[in-house]
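Chain by chain, the residues:
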There are 2 protein chains.
Amino acid sequence: MAEKAKIRSLPKFAHLPQGDFDQVYAAAAGRSFAAGATVSEQGDVATYFFVLLDGRLRVTQVTAESQQVIVRIVNPGDLFGIAKALQRTDYPGTATAVSDSVVLSWPMARWSDFMGNYPSMAMSAMQTMGTRLQEAQARMRELATEEVERRVAHAVLRLGEQSGREEAGGIRIDFPVSKQDIAEMTGTTLHTVSRILTAWEHAGLVVGGQQKLLLKDRRRLALIGDGEVPGLLGG
Amino acid sequence: MAEKAKIRSLPKFAHLPQGDFDQVYAAAAGRSFAAGATVSEQGDVATYFFVLLDGRLRVTQVTAESQQVIVRIVNPGDLFGIAKALQRTDYPGTATAVSDSVVLSWPMARWSDFMGNYPSMAMSAMQTMGTRLQEAQARMRELATEEVERRVAHAVLRLGEQSGREEAGGIRIDFPVSKQDIAEMTGTTLHTVSRILTAWEHAGLVVGGQQKLLLKDRRRLALIGDGEVPGLLGG
DNA sequence: TGGCCAGCTTGCGCTTGCTCAAAGTTGCGG
DNA sequence: CCGCAACTTTGAGCAAGCGCAAGCTGGCCA
């Protein structure tokens, strides 16, 4: 089974002894989701946790006033839906496939089991949480101190880093991103995002299109993000 | 040693077998810090990790433009300075004592050791990170979607919850908090915080004072925080 | 007891970016 | 090839809250 070899090679599982891996693998169920489908829903009882094998997911939370916020993008190899690690019995957010996706799932009941018996998985889970915590704090800092244009710069750079693919002329964001999506990542409106990206496109920093984004000048974007350059709005 | 018994009773260590606890305890060094002293500094090589025994710490990060952000408040019993868990070799933030404080410290080199050999400590560390991650995400959501007055309401309620003491007439925040501090927690300016708290004080929701804060009407504050009530500014 | 300093209050003008509104664009299914 | 739906652009007006500036308060130390 080609899939098994592929999974074996994920950093997440690479350090697991072969016997342990076989057991972990045996407990897993694979499942496919078409773009637009919901993998797990905010508030539902968390019955499974997952690893994304292929595709791309968007994790959102909806506030009491039904404003949506994009918490993160899940990339292949990432662990998600680990409610148990957050001391929760329900999923804190909704995971939606933005491209056709394949996930591996385990019953949540096995979580403590895995953590207790496979130290290398526990380590890996902890690393995941550490990375996420740092990203969350970075975004907090941005939201608290930066104006919109810088936040958008950071957001698209992050997208490029985590979900980008080198391409002639720049870094292509590897799944459909709408202006609305970027707005929900940065705490602004799609209108403002549109204005900013249009200005950047005129300056040759990016190339846009319907749910498409190509970063052409990463360095200048970073300068805007770090506030070392005035920003292009209002010019 | 009375201190040892006190430590033993912390939830963090309560589930550790006695032998393990003795070993962990033997590796620890205690240290006191006067209010205002710095326990660990952003960017320094992370040589120790800590548990706060007594007092209160403020963890801040400074942005490239030297704007300060308060990441969290450390309360007695909390683990902090766990750079290793975040895959870092340096401290991501500065921890400063806001009251006279006592901490227990371990060499960072022991971290993997502890995590590998004492599963109940690993579990507890994971819980800590889970809690923090959720709090960070909640604050992200607030910063992205709520206006200032609601964010301030959430911030003071959180302070009350995590660091408050019941008192005749309300919940007293148990350490000195300045308006500037609240501003740095909510991503606003001390001016705006001052205006908001003044309005609330007139309405009988809180009582302020130099670096003092008493929450008198938790329920109405929660209503403001949840946006179910117009807010008192501009009245 | 007087001076000093950190922290706080308050007023005013101005900017950022939001809201509302309307029209333009793109891609897909039939 | 048409029509529709989703997505995007652009404009105009407006308000939340920031920056600046000036003055106030209360605690602490000489």
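Remember, it's a predicted structure, so these values are computed and weren't measured experimentally. (Residues numbered from 1 in each chain as written. Chains lettered and ligands numbered in written order. Predicted model: local features only at pLDDT ≥ 70, side-chain atom pairs only at ≥ 80, totals over all residues. Heavy atoms only, no water.)

**Some remarks on the packing of aromatic side chains**
In this description, a pair of aromatic rings is defined by centroid distance and the angle of the planes. Residues and elements named next belong to chain A. Applying the stated criterion across every chain yields a total of 20 aromatic pairs over all chains. Judged by centre distance (5.6 Å) and plane angle (15°), the rings of phenylalanine 49 and tryptophan 106 are stacked. With phenylalanine 49 in strand β3 (residues 48–54) and tryptophan 106 in strand β8 (residues 101–107), the pair connects residues that are 57 residues apart, well separated along the chain. The aromatic ring of phenylalanine 21 is capped on one face by arginine 8, whose charged end is 4.8 Å from the ring centroid. (Phe/Tyr/Trp six-rings, centres within 6.5 Å; stacked < 30°, edge-to-face > 60°. Helix = DSSP H or I, 4+ residues; strand = E, 2+ residues; numbered from the N terminus. Lys NZ or Arg CZ within 6 Å of the ring centre and 35° of its normal.)

**As for the nonpolar core**
Core analysis: the biggest nonpolar cluster contains 92 residues, and Phe13, Phe80 and Trp111 of chain A together with Phe13, Phe80 and Trp111 of chain B have the highest contact counts within it. Setting aside its immediate chain neighbours within four residues, tryptophan 111 of chain B contacts Met126 of chain A together with Phe49, Leu79, Ile82, Lys84, Ala85 and Ala125 of chain B. (Core = buried A, V, L, I, M, F, W, Y, C linked by side-chain atoms within 4.5 Å. Buried < 20%, exposed > 50% of the residue type's maximum accessible area, 1.4 Å probe, protein only. Contact = heavy atoms within 4.5 Å.)

**Section: the relation of the copies chain B and chain A**
If you rotate chain B by 180° and push it 0.0 Å along the axis, it lands on chain A with an RMSD of 0.0 Å. Read as a symmetry element, the transformation amounts to a two-fold axis. Of the interface residues in chain B, 100% have counterparts in chain A that sit at the interface too, so the contact is made through matching surfaces. (Least-squares fit on C-alpha atoms with pLDDT ≥ 70 in both.)

**Points about the protein's contact with DNA strand D**
Surrounding DNA strand D, one finds 16 residues, the nearest of these being Ser194 of chain A together with Glu147, Val148, Thr188 and Thr192 of chain B. Sugar and phosphate atoms form 64% of the subset of DNA strand D atoms that lie within 4 Å of the protein. Side-chain polar atom of threonine 189 of chain B to a phosphate oxygen of DNA strand D: 3.2 Å apart, as the coordinates give it. Between DNA strand D and histidine 191 of chain B there is a distance of 3.4 Å, counted from a base nitrogen to a side-chain nitrogen or oxygen. When residues of the surface near DNA strand D are traced back to their parent elements, those giving at least two are α8 (190–202) of chain A together with α8 (190–202) of chain B. No other element matches the 5 residues that α8 of chain A contributes to the surface near DNA strand D. Here the surface near DNA strand D is composed, by residue class, of 2 nonpolar, 10 polar and 4 charged. (Near = heavy atom within 4 Å. Polar contact = N/O pair within 3.5 Å; in protein donor to acceptor, adjacent residues only side chain to side chain. Nonpolar A, V, L, I, M, F, W, Y, C, P; charged D, E, K, R; others polar.)

**What about the protein's contact with DNA strand C?**
As a matter of local geometry, DNA strand C sits amid 16 residues, with Glu147, Val148, Thr188 and Thr192 of chain A together with Ser194 of chain B nearest to it. Among the atoms of DNA strand C close to the protein, meaning within 4 Å, 70% are from sugar or phosphate groups. Between valine 148 of chain A and DNA strand C, the recorded distance is 2.8 Å, taken from a backbone N or O atom to a phosphate oxygen. The side chain of threonine 192 of chain A places a nitrogen or oxygen atom 2.8 Å from a phosphate oxygen of DNA strand C. Element by element, the count of residues in the surface near DNA strand C is highest for α8 of chain B, at 4 residues.

**Regarding helix α7 (residues 179–186) of chain B**
All names here are of chain B. Extensive coverage of α7 is indicated by the burial of 6 of its 8 residues. Three or more residues of α7 are buried, namely Asp181, Ile182, Ala183, Glu184, Met185 and Thr186. Each element contacted by the buried residues of α7 is listed here: β4 (57–62), β5 (68–74), α5 (119–145), α6 (148–163) and α8. Positive phi shows up at glycine 187, right after α7, with a value of about 70°.

**Section: the environment of histidine 202 of chain A**
Within the secondary structure, histidine 202 of chain A is located in helix α8. Distance in space between the C-alpha atoms of histidine 202 of chain A and glycine 19 of chain A is 56 Å, their sequence separation being 183 residues.

**Remarks on the interface of chain B and chain A**
Facing 33 residues of chain B, the contacting portion of chain A comprises 33 residues. Both faces considered, chain B and chain A share a buried interface measuring about 3400 Å² in area, 66% of it formed by carbon and sulfur atoms. Connecting chain B to chain A are 2 salt bridges. The shortest N-O distance in the salt bridge between arginine 150 of chain B and glutamate 65 of chain A comes to 3.3 Å. At the junction of chain B with chain A, the criterion picks out 8 residue pairs in polar contact (both at pLDDT 80 or more). Of all the secondary-structure elements, those providing two or more residues to the side of chain B that touches chain A are β5, α4 (110–117) and α5 of chain B. It is α5 of chain B that contributes the most residues to the side of chain B that touches chain A, 17 residues altogether. (Buried area = accessible area lost by both parts, 1.4 Å probe. Salt bridge = Lys/Arg side-chain N within 4 Å of Asp/Glu carboxyl O.)

Nothing here speaks to function; it is geometry throughout.
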